[in-house]
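# A structural walkthrough
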Amino acid sequence: MEKRKLIVHQYRATPKTTALHWPCLLLFSLFFIFTATNCTLAFDYGDALTKSLLYFESQRSGRLPHNQRVTWRDHSGLTDGLEQGVDLVGGYYDAGDHVKFGLPMAFTVTMLSWGVIEYREQIADAGELEHAMEAIKWGTDYFIKAHTSSHVLWAEVGDGDTDHYCWQRPEDMTTSRQAYKIDENNPGSDLAGETAAAMAAASLVFKKTNPHYSHLLLLHAQQLFEFGDKYRGKYDASIGVVKNYYASVSGYMDELLWGAMWLYKATDNEVYLKYVIEKAHSFGGIGWAMREFSWDVKYAGLQIMASKLLADEKHKEHGQILEQYRSKAEYYLCSCLNRNNGNNVSRTPGGLLSIRQWNNMQYVSTAAFLLTVYSDFLQKTTQNLNCPGGSVNHEEILEFAKSQVDYILGSNPMNMSYLVGYGPKYPTRVHHRGASIVSYRESKGFIGCTQGYDNWYGRQEPNPNVLVGALVGGPDSQDNFVDRRGNYMQTEACTYNTAPLVGVFAKLLAEQKGEHEHSQPLVASY
């Protein structure tokens, strides 16, 4: 489990031709080389999109549905919440382990939902809208269960410490499934705010196709936001067991602003916009200039959303504050684009954005998403991005986002796809319990806690199950990557790594199709 881990793991770790034919052959050869080169550089974004959505089925907890496509998985965690007298069956495992952490799960659902909101038509054209909506609903169904009353939200099932002593399939799980909650006496405004954001964003996804469900999600989102705002506090102060895994380093103010912004988008209720405007300064919305966007730090995403409100005439009265939000959004974007006069995000020699040593790809995928969304906004409003290092148009921004996605898919010094299952070469020893042990459906014999370590964890062979669509942590700052199961800093994948890519893959696929439709065939003349 990536997390912002603050502890060291205990893981062990040609025939003769006449002169007349030469011009023809030369032109043919040039055409062949041109075509071959383009084919080599062209990525199948449709395949990447399909595979990215498959990944979420690998991460499912609970009773699997009849239409489950990832067949090496089976039911798991069927008694979650039983000890506490509440049904907490379902939801997602965040990474390669079996704890259900509320904060990263909610961020995953927010990003999946945002991707569908922005690129619904493109995802539908690719034939993947139903799968995208299923991935979202698997999360929101769980959040509805976990929100047992207006001021109670179950935050976690299982705990990282006991989980990490075992290397087991989820179907065999023997570790603690204790559940932890936030309530009035044990607040968690960050968790409540992010879960409110996820449910508000998802309500927009289901608004036309399932209005009753959409309304239910919105009701939960509003209650959770009110709870988080009224009873303020960091969730990791209330739930100590989460501190070593998903500590809320940024605090809760970004999540409350983020939740309010999503509720405004979902309801058009001025109360939520007023919250975003009035607390812009005191909650850091127009104070923090960020160079990352993640499950913990929401400011850049919030600032991008606020910037887009400037295009609407009805928001003119808030123009001054919204312009300050935009200034901070542009700081983030210009930093990613290397146009921020020295205050830029580092890059590897191969051109990948480099934020952290551990699971760097999560920051790359979120950056690719925000850049893509803002590129669309600039195109729609016929504007450029004005950075200290010069003006940038929407095409250049999208091209950079595409370069990051292409690096992920194989255009990198290792010639490796970091999206598992995509392309001819990808990580085969992903740090993931279920994928690294023989499938429960093939071998139902119980595999014990240490037995998994003894017989499976240290094996040199590739994982018996391919974790298709998982975006692993990725290479280091020098583009080096070691495909080893014990190298969890690079080979572990998380749901929030892949989630932002769903929308970007759909956008790039649509762009690719558009280019092919408008491209002219190469005609030789001599």
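Residues numbered from 1 in each chain as written. Predicted model: local features only at pLDDT ≥ 70, side-chain atom pairs only at ≥ 80, totals over all residues. Heavy atoms only, no water.

## Remarks on the overall build of the protein chain
Applied cut-off: Helix and strand assignments come from DSSP, with helices taken as H or I runs of at least 4 residues and strands as E runs of at least 2, each series counted from the N terminus. In this treatment the radius of gyration is a C-alpha quantity, and the globule benchmark scales as 2.2 Å times the residue count to the 0.38 power. For every residue, the accessible area (1.4 Å probe, protein chains only) is compared with the maximum for its type, and the residue is labelled buried under 20%, exposed over 50%, or partly exposed between those bounds. A 1.4 Å probe and the Shrake-Rupley method give the accessible areas. Residues count as covered only by the protein chains that appear here. Only four residue types enter the tally: Lys and Arg on the positive side, Asp and Glu on the negative side; His and the chain ends are excluded. The atoms used to mark charge sites are NZ of Lys, CZ of Arg, CG of Asp and CD of Glu.
Within the protein chain, the secondary structure is distributed over 19 helices and 7 strands. Whereas a compact globule of 526 residues would reach a radius of gyration of roughly 24 Å, the protein chain reaches 24 Å, a difference of no more than 12%. Taking the principal axes of the C-alpha coordinates as reference, the protein chain spans close to 90 × 65 × 45 Å. Each of the 526 residues in the protein chain was classed as buried or not, and the buried ones make up 59%. For the protein chain, the exposed surface amounts to about 21100 Å²; the carbon and sulfur share of it is 53%. With 48 positive and 57 negative side-chain charges, the protein chain shows a spacing of 2 Å between the two charge centroids.

## Regarding the pairing of strand β2 (residues 153-157)
Rules: By definition, two strands form a pair when at least two bridges between them are found by DSSP.
The buried fraction of β2 is high, at 5 of 5 residues. Two elements, strand β1 (residues 100-101) and β2, share 2 bridges in a ladder whose sense is antiparallel. The residue of β2 that forms the bridge with F101 is E156. Where β2 meets strand β3 (residues 179-182), 4 bridges bridge the pair, whose relative direction is antiparallel. The residue bridging E156 from the neighbouring strand is Y180, located in β3.

## Brief notes about the UniProt feature "active site" (unreviewed entry) in the protein chain
Spelled out, the test is: UniProt positions are given in the numbering used here, feature names are shortened, and annotations may be inferred rather than shown by experiment.
Using the residue numbers shown here, the UniProt feature "active site" (unreviewed entry) corresponds to H431. Along the chain, the position of H431 falls in the loop between α15 (394-409) and α16 (433-436).

## Observations regarding the state of the cysteines
Rules: In what follows, a disulfide is any cysteine sulfur pair within 2.5 Å.
Under the counting rule described, the total for this entry stands at 2 disulfides. Bridging C166 to C449, the disulfide has an S-S length of 1.7 Å. With the S-S bond torsion at -90°, the cross-link from C166 to C449 turns out left-handed. In this pair, C166 is assigned in the loop between α5 (160-163) and β3 and C449 in helix α17 (residues 449-457), connecting sequence segments 283 residues apart. Exposure remark for C166: the relative accessible area of 6% places this residue in the buried category. Here C334 pairs with C387 through a disulfide, and the sulfurs are 2.0 Å apart. Note on the C334 and C387 pair: the S-S dihedral is about -85°, so by sign convention the disulfide is left-handed. Remark: C387 occurs in strand β6 (residues 385-387) and C334 occurs in helix α13 (residues 319-336); sequence separation between them is 53 residues. Judged by its relative accessible area of 1%, C334 is buried. For the protein chain, numbering the cysteines in disulfides from first to last along the sequence yields the connectivity 1-4, 2-3. C334 provides the cysteine sulfur closest to C336, a residue in no disulfide bond, and the two sulfurs are 9.3 Å apart.

## Describing the packing of aromatic side chains
For clarity, the cut-off: Only rings of Phe, Tyr and Trp enter the pairing, Trp through its six-membered ring, and a pair is recorded when the two centres are within 6.5 Å. The plane angle decides the type: under 30 degrees is stacked, over 60 is edge-to-face, the rest tilted. Here, over-ring charges are defined by two tests on the NZ atom of lysine or the CZ atom of arginine: distance to the ring centre within 6 Å, and angle to the ring normal within 35 degrees.
Counted by the stated rule, this structure contains 26 aromatic pairs. A centroid spacing of 5.9 Å and a plane angle of 65° characterise the contact between W114 and W258, whose relative ring orientation is edge-to-face. Of this pair, W114 sits in helix α3 (residues 102-125) while W258 is found in helix α10 (residues 253-267), placing the two residues 144 residues apart along the sequence. Judged by its relative accessible area of 1%, W114 falls in the buried class. On the accessibility criterion, W258 (0% relative accessible area) is buried. Measuring from centroid to centroid gives 5.2 Å for F206 and Y213, while their planes differ by 90°, and the two rings are edge-to-face. Take F206 and Y213: they sit in the same class, and that class is buried. An aromatic cluster is built from F107, W114, W258, W262, F293 and F369, whose rings are joined through pairwise contacts. Taking the ring centre of Y213 as reference, the NZ or CZ of K137 above it sits at 4.7 Å.

## Some points on the sheet that holds β2
Strand order across the open sheet formed by 3 strands is β1-β2-β3, with antiparallel pairing between neighbours. Two strands in the sheet have a free side with no partner beyond their single neighbour: β1 and β3.

## With respect to the pattern of salt bridges
Pairing between side chains of opposite charge can happen when their charged atoms approach one another. Note the cut-off: Should a side-chain nitrogen of Lys or Arg be within 4 Å of a carboxyl oxygen of Asp or Glu, the pair is scored as a salt bridge.
Following the criterion strictly, the structure yields 27 salt bridges and no others. One salt bridge connects R429 with D483, and the closest N-O pair in it is separated by 3.4 Å. Placement of R429 in the loop between α15 and α16 and of D483 in the loop between α17 and α18 (488-491) is noted, with a sequence separation of 54 residues between them. What makes R429 partly exposed here is its relative accessible area of 22%. R459 serves as the salt-bridge partner of E461, at 3.9 Å between the closest nitrogen and oxygen. On the accessibility criterion, E461 (42% relative accessible area) is partly exposed. Each of D80, K100 and R177 takes part in one network of salt bridges that share partners.

## As for the UniProt feature "domain: Glycoside hydrolase family" (unreviewed entry) in the protein chain
Within this structure's numbering, the places UniProt gives as "domain: Glycoside hydrolase family" (unreviewed entry) are residues 45-504. Here residues 45-504 is 48% helix and 5% strand, with 9 Å between the C-alpha atoms at its ends.

## Observations regarding the environment of H431
The condition is simple: For the purposes of these results, a polar contact is taken to be a pair of N or O atoms within 3.5 Å, where, inside protein, one atom must be able to donate a hydrogen and its partner to accept one; residues adjacent in sequence count only when each atom of the pair is a side-chain atom.
Look at H431 and you get buried, because its relative accessible area is 0%. Along the sequence, H431 and V205 sit 226 residues apart, while their C-alpha atoms lie 32 Å from each other. Polar side-chain contacts of H431 include one of 2.7 Å to the backbone oxygen of R485.

## Let's talk about the side chain of D183
What counts is decided by this rule: Any pair of residues with heavy atoms lying within 4.5 Å of one another is described as a contacting pair.
Tracing the backbone shows D183 in the loop between β3 and α6 (189-205). The side chain of D183 is buried and forms no salt bridge, while K181, the nearest opposite charge, is found at 4.1 Å. Residues contacting D183, with those up to four places away along its chain left out, are H151, V152 and F227.

## Digging into the confidence of the model for the protein chain
Just so we agree on the cut-off: Residue-level confidence of the predictor is summarised by pLDDT, bounded by 0 at the bottom and 100 at the top.
Looking at the protein chain, pLDDT values average 91 and 90% of them are 70 or higher. The model gives residues 520-526 a pLDDT under 50, and that stretch makes 5 contacts with residues more than four places away or in other chains.

## Digging into the environment of E492
Mapped onto the fold, E492 is located in the loop between α18 and α19 (495-518). Along the sequence, E492 and H432 sit 60 residues apart, while their C-alpha atoms lie 6.6 Å from each other.

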